[in-house]
Amino acid sequence: MASDTPPIHLRADVVVAGIRAIFESDRTRPLAWRIAQLQALDRLLVDGAEAIHGALLADLGKCAIESRLTETAFLRAEIAHTLKHLRRWLRPKRIAIPLSLQPAHGRLVPEPLGVALVIAPWNYPVQLPLAPLIGALAAGNAVVLKPSEVSPNVSATLARLIPRYLDNEAVIVVEGGIAETTALLREQFDHIFYTGNSAVARVVMTAAAQHLTPVTLELGGKSPLWIDESVDMEAAARRIAWAKFLNAGQTCVAPDYVLATPAVAEKLIPCLHDAIREMYGDDPRNNPAYARIINTRHVERLLALIDPMRCVSGGEHDAGERYIAPTVLYPARADDASMQDEIFGPVLPIVPVADADAAIAFIRARSKPLALYAFTSDHALRRRFVGETSSGALVFDFAVAHLTAPDMPFGGVGTSGMGAYHGEASFRIFSHFKPVMGKPLWPDTLRLIFPPYGKAVERVIDWLL
Ligand code: NAD
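Residues numbered from 1 in each chain as written. Predicted model: local features only at pLDDT ≥ 70, side-chain atom pairs only at ≥ 80, totals over all residues. Heavy atoms only, no water.

Trainee: Which residues make up the nonpolar core, and what values do they have?
Mentor: Generally speaking, nonpolar side chains in soluble globular proteins are found buried as a group. One finds L130 and I227 to be the most contacted residues of the largest nonpolar core, which totals 125 residues. With 9 residues, the single largest contributor to this core is helix 10 (residues 262-280). Viewed by domain, this core spans two of them, domain 1 (12-219 + 417-433) and domain 2 (224-408), each represented by three or more residues. When neighbours within four sequence positions are excluded, I227 is seen to be in contact with M233, A236, I240, V258, L259, A260, V264, L268 and F375. Of all hydrophobic cores here, the second largest spans 16 residues; its members include L259, V351, V353 and L372. (Core = buried A, V, L, I, M, F, W, Y, C linked by side-chain atoms within 4.5 Å. Buried < 20%, exposed > 50% of the residue type's maximum accessible area, 1.4 Å probe, protein only. Helix = DSSP H or I, 4+ residues; strand = E, 2+ residues; numbered from the N terminus. Domains from an automatic or database assignment. Contact = heavy atoms within 4.5 Å.)

Trainee: Describe the sheet that holds strand 4 (residues 142-146), with residues and values.
Mentor: The 6 strands lie next to each other as 5-4-3-6-7-18, forming an open sheet whose pairing is mixed. Edge positions in the sheet fall to strand 5 (171-173) and strand 18 (417-418), since each of these pairs with one other strand and no more. Examined bridge by bridge, strand 4 and strand 5 share 3 bridges and lie parallel to one another. Looking at strand 5, one finds that V144 is bridged to I172. (Pairing = 2+ DSSP bridges.)

Trainee: Can you explain the packing of aromatic side chains? Please cite residues and give values.
Mentor: Evaluated as defined, the whole model comprises 9 aromatic pairs. Ring centres 4.7 Å apart and planes at 65 degrees place the aromatic pair F193 and Y421 in the edge-to-face group. Highlighted residues: F193 in strand 6 (residues 191-195) and Y421 in strand 19 (residues 420-421), separated in sequence by 228 residues. Measuring from ring centre to ring centre gives 5.9 Å for F193 and F430, while their planes differ by 25 degrees; the resulting arrangement is stacked. Of this pair, F193 sits in strand 6 while F430 sits in the loop between helix 14 (424-429) and strand 20 (431-438), and the two are 237 residues apart along the sequence. For the residue pair F193 and F430, the accessibility class agrees, reading buried in each case. An aromatic cluster is present here, built from F193, F410, Y421 and F430 joined pairwise through their rings. The side chain of R366 reaches across the aromatic face of F362, ending 3.6 Å from its centre. The ring of F433 is capped by R428, whose NZ or CZ atom sits 4.4 Å from the centre of that ring. (Phe/Tyr/Trp six-rings, centres within 6.5 Å; stacked < 30°, edge-to-face > 60°. Lys NZ or Arg CZ within 6 Å of the ring centre and 35° of its normal.)

Trainee: Before we move on, can you summarise the sheet that holds strand 13 (residues 327-329) with the specific residues and values?
Mentor: Reading across from one edge, 10-13-14-9-8-15-16 is the order of the 7 strands in this open sheet, with mixed pairing throughout. The open sheet has two edge strands, strand 10 (311-313) and strand 16 (393-396), and neither has a second partner. Neighbour-to-neighbour, the strand axes of the sheet open up by a mean angle of 25 degrees, direction not taken into account. Pairing analysis gives 3 bridges linking strand 9 (residues 257-260) to strand 14 (residues 347-352), with the strands arranged parallel. What sits directly across from A260, in strand 14, is P352. Where helix 10 meets the sheet, it contacts strand 8 (224-227), strand 9, strand 10, strand 13 and strand 14, and its direction lies at approximately 165 degrees from that of strand 14. The strands touched by helix 12 (residues 356-364) within the sheet are strand 8, strand 9, strand 14 and strand 15 (371-375), with strand 9 carrying the most contacts at an inclination of about 145 degrees. (Axes fitted to C-alpha atoms, helices over the stretch in contact; angles between N-to-C directions.)

Trainee: Describe the domain arrangement of the protein, naming the residues involved and giving the relevant values.
Mentor: Its domain assignment divides the protein into domain 1 (12-219 + 417-433) and domain 2 (224-408). Each partner contributes to the interface: domain 1 provides 23 residues, whereas domain 2 provides 22 residues. Where domain 1 packs against domain 2, one counts 0 salt bridges. Where domain 1 meets domain 2, there are 8 residue pairs in polar contact (both at pLDDT 80 or more). Elements with a minimum of two residues in the side of domain 1 that touches domain 2: helix 3 (49-60) and helix 4 (64-90). The element contributing the most residues to the side of domain 1 that touches domain 2 is helix 4, with 6 residues. Across the side of domain 1 that touches domain 2, the residue classes break down as 10 nonpolar, 8 polar and 5 charged. (Salt bridge = Lys/Arg side-chain N within 4 Å of Asp/Glu carboxyl O. Polar contact = N/O pair within 3.5 Å; in protein donor to acceptor, adjacent residues only side chain to side chain. Nonpolar A, V, L, I, M, F, W, Y, C, P; charged D, E, K, R; others polar.)

Written out as structure tokens, the structure is:
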């Protein structure tokens, strides 16, 4: 007989009730549990490396070395950093008490938020679910993890490995797409950590609002790059090409477009061309170091952005193989298709501008980016970028790799996101810092401000406040 009850993997209420009971049992609070989970996650990354790298190759055509560099090695460094500092982060911090409340003592005590939901995208499908997981476990939370269905091989691999290594009642992987995520979002969580596009971020935030659940939103957008004549053009081009064409441009902090004067653009284009050849050879399609586009829908979306009249490097493609060559467009204009939304693929438009003033004005006229890059050794101009622009991060003379510094909180501002993580910032996201205060009953100084009000209380206010 057919039943109206959805299959167990869709019974988000059952999953969340179960994991909440585990959190309420206090199992996830002890330091020993947290350390054991982080060590187990590290073992998973070591023992499971072959399976994980195989899944990344199947989903994104990503070679094992790039997979290590950008996914597993990154995560292992985050785990090592967390294990090294966790005791210190957990130590209650004494806080100063004003004279008006003396004698008294106060401290901030971190406590886990509870049950966290982590929703991840497909572009770094191992790093992006597991990096927030590290912070959530370090802070003593139970976690429901929703990998992206768009990278199905990685999603299945995580769903298979995680229960074997981690506490399988306190960390639960729910695979699936919109239906499963929608079902999860109806439930009450204590924090939702979402990485992905801004349209779905609105869905997540609306659902979170029903339960007043706090959210972290790691989003994207167009990250601009300014370059001027003060830098070594060949060295800069190598760094730009690496940052842009890593993971075939499917990186949230990839330089989305370049702003440069026409004179600088003319020098940069041949250097970019050489840098691409140096890294990926004459035929990137047959070079294992060069990744593939995640699916044909995205290939079609990207091909529509390539104006053959402006293609000064690359442009070759093979939709069947999900291949698009590293491509540079020049001169790009603000109303080009490539300049409307985040590109999220291996297409780099170079927009000619009159000077740095025009570049800053161009950047300020648009949404605040996740990252802003400036290749310049002009220190006065660097100060202007710091003072006159706003972005998730501002990086001089390199790109993308800034997110590997664990003490640099990583996140957006405005439409590029809210909240930042990595290192201690991840631990803080999933913790509540509870003020704990105490005041001895004697001497009973508080009585000085109790009614009946009169001149005496006024004198106390004048003296203390
Ligand atoms: P995606 O399609 O995998 O979606 C992300 C997650 O949202 C998935 O788990 C998916 O199942 C879920 N989802 C999709 N539609 C949903 C819906 N209607 N309701 C509920 N959940 C839904 O990934 P994407 O959004 O294409 O990811 C690319 C975007 O993410 C880019 O904009 C990129 O810049 C951004 N990004 C940001 C960061 C960062 O750290 N700031 C990192 C990577 C990617």
